[in-house]
Amino acid sequence: MTAQHKIHSKDLNLWYGDFHALKDVSIAVRDRMITAIIGPSGCGKSTLLRCFNRMNDLNAAVRVQGGLFLDGQDCYGARLPLTQLRKRVGMVFQRPNPFPLSIFDNVAYGPRVHGVTGKDRLAEIVEQSLASTALWDVLKDRLWEPALDLSAEQQQRLCISRLVAVEPEVLLMDEPCSALDPIATEHIEELMRTLAEKYTIIIVTHNMQQAARISKETGFMLLGELVEFGQTEQVFTNPRDKRTEDYVTGRYG
């Protein structure tokens, strides 16, 4: 762990009841960079992602053991309240999930929850957030239309805008392109590259080509273990572990 790392875990274990889903996972994620987590279905990659903002806490059957830190602060400690953690570490889900509200109210929702009430300030935040995802010029005359009327790509961009509006530091993305067509996927990938100049991005993806295209570092998970973690090019072209090689060359998974 160095000053370049934004978030890290140490010997992180997680159980769903009696099922041991994460096994001694230690990972250090660099700041302002895209990090990909790959692996077959059920390997624990989405569970690991949800640990970073404690989304797993919503499941009463979950038990966690080990260390998890954001800028060196214990994510389970009293000095980093859960509401503050989730403001700093936000999440974009597999399928776009805009609220059944207007475009404006979707983006303004988070700032309002955190105490922003002034109309001018909210309008400024909405404009900046939509601009950051290249939506402002397209939607500036439609702000009061229902968000659910947008295309799938626009809805996913809107969800990212909603996240950016509360000024997070880390963006967690769980298969953010799985519901999109190839052209929309390319657009979202371009957006992620731009956002990585300002945010730490961790993406879970089944698409190994996507991980190779957009990430600087990649972790391979299998049966709850982090088998390998390193520079993306190294993981894909010269993996250290035979299990990684078998997966990235398509022998299984």
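> Which residues make up a nonpolar patch on the surface, and what are the values?
Taken together, the side chains of Leu101, Tyr109 and Val113 make up a nonpolar region of the molecular surface, amounting to roughly 280 Å² of accessible area. Residue placement: Val113 occurs in helix 3 (residues 103-113). Val113 sits in the exposed class, given a relative accessible area of 57%.

> Provide a residue-level description of the environment of Val227, including the pertinent values.
With respect to the helices and strands, Val227 occurs in strand 10 (residues 225-231). Under the relative-accessibility criterion, Val227 is labelled buried at 15%. Residues in contact with Val227, not counting those within four places in the same chain, are Phe220, Met221, Leu222, Asp241, Arg243 and Thr244.

> Which residues make up the sheet that holds strand 5 (residues 73-74), and what values go with them?
Pairing is antiparallel across the open sheet formed by four strands, whose spatial order is 2-1-4-5. What marks the edges here is a single partner per strand, and that holds for strand 2 (19-30) and strand 5. Relative to strand 2, strand 1 (residues 5-16) runs antiparallel, the two sharing eight bridges. Across the sheet, Ser9 pairs through a bridge with Ile27, a residue of strand 2.

> Describe the nonpolar core, listing the residues and the values that go with them.
Formed by 29 residues in total, the largest nonpolar core has its most connected members in Leu22, Val25, Phe52, Leu70, Leu172, Ile202 and Met221. Mapped by element, the contributors of at least two residues to this core are strand 1, strand 2, helix 1 (45-51), strand 4 (62-70), strand 6 (89-92), strand 7 (170-174) and strand 8 (200-204). Broken down by element, this core gets its largest block of residues, five residues, from strand 2. Setting aside residues up to four positions removed in sequence, Phe52 forms contacts with Ile7, Ile27, Leu68, Leu85, Val89, Leu172 and Ile202. Counting residues in hydrophobic clusters, the runner-up holds 28 residues, among them Leu191, Leu195, Ala196 and Phe220.

> Explain the packing of aromatic side chains to me, and be specific about the residues and the numbers.
What the rule picks out here adds up to three aromatic pairs. Their ring planes at 25° and their centres at 5.0 Å tell us that Phe220 and Tyr247 sit as a pair that is stacked. Of this pair, Phe220 sits in strand 9 (residues 217-222) while Tyr247 sits in helix 10 (residues 242-248), and the two are 27 residues apart along the sequence. Of the two residues, Phe220 and Tyr247, neither departs from the other in class, the shared state being buried. Lying across the ring of Trp15, Arg63 places its NZ or CZ 4.0 Å from the centre. The lysine or arginine in question, Arg162, covers the ring of Phe99, its NZ or CZ lying 4.0 Å from the ring centre.

> Tell me about the sheet that holds strand 3 (residues 34-38), residues and numbers included.
With mixed pairing, the six strands of this open sheet are ordered in space as 6-7-8-3-9-10. The sheet is open, and its two borders are formed by strand 6 and strand 10, each paired with just one other strand. Mean inter-strand twist for the sheet, computed between neighbouring axes without regard to direction, equals 20°. Inspection of the sheet shows strand 7 paired to strand 8 by five bridges, in the parallel sense. By the bridge assignment, Asp174 is partnered in strand 8 with Val204. Contacts from helix 6 (residues 152-164) reach strand 6 and strand 7 within the one sheet, and its direction differs from that of strand 6 by about 170°. On the sheet, helix 7 (residues 182-195) packs against strand 3, strand 7 and strand 8 and is oriented at approximately 145° with respect to strand 8.

Scoring rules and cut-offs
Residues numbered from 1 in each chain as written. Predicted model: local features only at pLDDT ≥ 70, side-chain atom pairs only at ≥ 80, totals over all residues. Heavy atoms only, no water. Patch = residues over 30% accessible without salt bridge, like charges linked within 9 Å, V, L, I, M, F, W, Y side chains within 5 Å. Areas by Shrake-Rupley, 256 points an atom, 1.4 Å probe, with all protein chains shown as cover. Salt bridge = Lys/Arg side-chain N within 4 Å of Asp/Glu carboxyl O. Helix = DSSP H or I, 4+ residues; strand = E, 2+ residues; numbered from the N terminus. Buried < 20%, exposed > 50% of the residue type's maximum accessible area, 1.4 Å probe, protein only. Contact = heavy atoms within 4.5 Å. Pairing = 2+ DSSP bridges. Core = buried A, V, L, I, M, F, W, Y, C linked by side-chain atoms within 4.5 Å. Phe/Tyr/Trp six-rings, centres within 6.5 Å; stacked < 30°, edge-to-face > 60°. Lys NZ or Arg CZ within 6 Å of the ring centre and 35° of its normal. Axes fitted to C-alpha atoms, helices over the stretch in contact; angles between N-to-C directions.

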